[in-house]
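# Breakdown of the fold
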Amino acid sequence: MQVDLSPFVTAVCEESVVPNVALYTVSYYSDGLLVKAALAVPESFLSDGTRLPALLYCRGGIKGIGRVRPERISQMAAFGYVILAPHYRGNEGGEGRDEFGGADRQDVFAAYELLGKLNIVDARRISAYGFSRGGVMALFAAMECKGLLATVVWGGVSDMALTYEERVDMRRMLRRLIGHPRKQEEAYRYRTPLHRAAEIACPVLIIHGTEDENVSVEHAHRLAEALRQAGVRHEKWLAEGASHLFVGDEIELYTRKMFAWLDERGQERAVSAQAAT
């Protein structure tokens, strides 16, 4: 089966970095802004009539920091998942301004709708993945994107005010984009998913390194507690001694475990659907 890229405004084929995984730069409209994303398609898993699970990949950082890495999304696609990774508005030539979890979350919501329209994607098996700052974006997707299968938060931010407190090196940027936590408290609250945990409608997997110096493990603990209090199904996997960027065997191990967990959620949904018929 050939992938039909017509749901996007433009689609440009890029150089492949992993065998049998096609890469594209795509553009689409979000809030009237033309924004861009990276798309990875595992061609070896495609056959006539096959629809694949998909992962909405929410990047971390801003601008040149935390950019979507073709190698990483290609490695993920090799597990048999279609990966769509929004760059967010104002990044990689996209229109608008990155708001670090503000209105730019709409770029993620719009990307979710487009994933469901791709002819190679099983719309019942679309999950979200958020790394670092992307944890905020993925958690808001878990609230707003109806039908989302599951959400993974890997080394993810869950409390924007805590980020301001911990990351002295980011305070200037945060004050420019959001303001000061004491003066613009509502703007920080708006970007903190903890306060809306009860609205999350899918299982959540939290993966975090215990020695993460960029996003402390306290973010994972606070998220898990908020989900527990809200009665949201979740798991918390702590990687002992791991930092923000997992390396070597560590990243391979947790990536494999993550996709096995996502596969299980997909199987559960299929069984539920059969039981309902």
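Source: prediction; values computed, not measured. (Residues numbered from 1 in each chain as written. Predicted model: local features only at pLDDT ≥ 70, side-chain atom pairs only at ≥ 80, totals over all residues. Heavy atoms only, no water.)

This part takes up the overall build of the chain. When you go through the chain residue by residue, the secondary structure sums to 8 helices and 9 strands. In terms of overall dimensions, the chain is globule-like: its C-alpha atoms have a radius of gyration of 18 Å, near the 19 Å expected for 277 residues. For the C-alpha atoms alone, the extent of the chain along its principal axes is close to 55 × 40 × 40 Å. Relative to its 277 residues, the chain shows a buried fraction of 55%. For the chain, the proportion of contacts with a sequence separation of at least 24, taken over those separated by at least 6, is 69%. Of the roughly 12400 Å² of accessible surface on the chain, 48% is carried by carbon and sulfur atoms. Distance between charge centres in the chain, computed from 33 positive and 36 negative side chains, equals 5 Å. (Helix = DSSP H or I, 4+ residues; strand = E, 2+ residues; numbered from the N terminus. Rg over C-alpha atoms; globule rule 2.2 N^0.38 Å. Buried < 20%, exposed > 50% of the residue type's maximum accessible area, 1.4 Å probe, protein only. Contact = heavy atoms within 4.5 Å. Areas by Shrake-Rupley, 256 points an atom, 1.4 Å probe, with all protein chains shown as cover. Lys, Arg positive; Asp, Glu negative; His and termini not counted. Charge placed at Lys NZ, Arg CZ, Asp CG, Glu CD.)

Attention shifts here to the pattern of salt bridges. Scanning all chains against the criterion turns up 17 salt bridges. Of the charged contacts, one joins R196 and E144 as a salt bridge, the two residues approaching to 2.6 Å between their closest N and O atoms. One end of the pair, R196, is in the loop between helix 6 (185–190) and strand 8 (204–209); the other, E144, is in helix 3 (residues 134–144), with 52 residues separating them in the sequence. (Salt bridge = Lys/Arg side-chain N within 4 Å of Asp/Glu carboxyl O.)

A few words on the environment of L34. Counting through the fold element by element, L34 comes out in strand 3 (residues 33–42). Look at L34 and you get partly exposed, because its relative accessible area is 25%. C-alpha separation for the pair L34 and D107, spaced 73 residues apart in sequence, amounts to 9.7 Å. With residues near it in sequence (within four places) discarded, L34 still touches V9, S27, Y28, Y29, G94 and E95.

Backbone geometry places N20, a non-glycine residue, at a positive phi of 70°. Along the chain, N20 turns up in the loop between strand 1 (10–14) and strand 2 (21–30). A positive phi angle, near 55°, is found at F100, a position not held by glycine. With respect to the helices and strands, F100 occurs in the loop between strand 5 (82–86) and helix 2 (105–117).

Moving on, we get to the packing of aromatic side chains. Under the criterion given, the structure shown has 7 aromatic pairs. Between the aromatic rings of Y81 and F259, the centroid separation amounts to 4.8 Å while the plane-to-plane angle is 55°, which identifies the pairing as tilted. Taken together, the residues Y81 in the loop between helix 1 (70–77) and strand 5 and F259 in helix 8 (residues 248–276) connect sequence positions 178 residues apart. On the accessibility criterion, F259 (2% relative accessible area) is buried. Each member of the aromatic cluster is reached from another via a ring pair, and the members are Y57, Y129, W154, F246 and Y254. Sitting over the face of the ring of W237, K257 holds its NZ or CZ atom 4.7 Å from the ring centroid. Directly above the ring of W261 sits R265, whose terminal nitrogen or CZ lies 4.9 Å from the centroid. (Phe/Tyr/Trp six-rings, centres within 6.5 Å; stacked < 30°, edge-to-face > 60°. Lys NZ or Arg CZ within 6 Å of the ring centre and 35° of its normal.)

Turning our attention to a positive patch on the surface. Judged by side-chain charge, K63, R97, R172, R175 and R176 come together as a positively charged surface patch. Residue position: R172 is located in helix 5 (residues 171–177). (Patch = residues over 30% accessible without salt bridge, like charges linked within 9 Å, V, L, I, M, F, W, Y side chains within 5 Å.)

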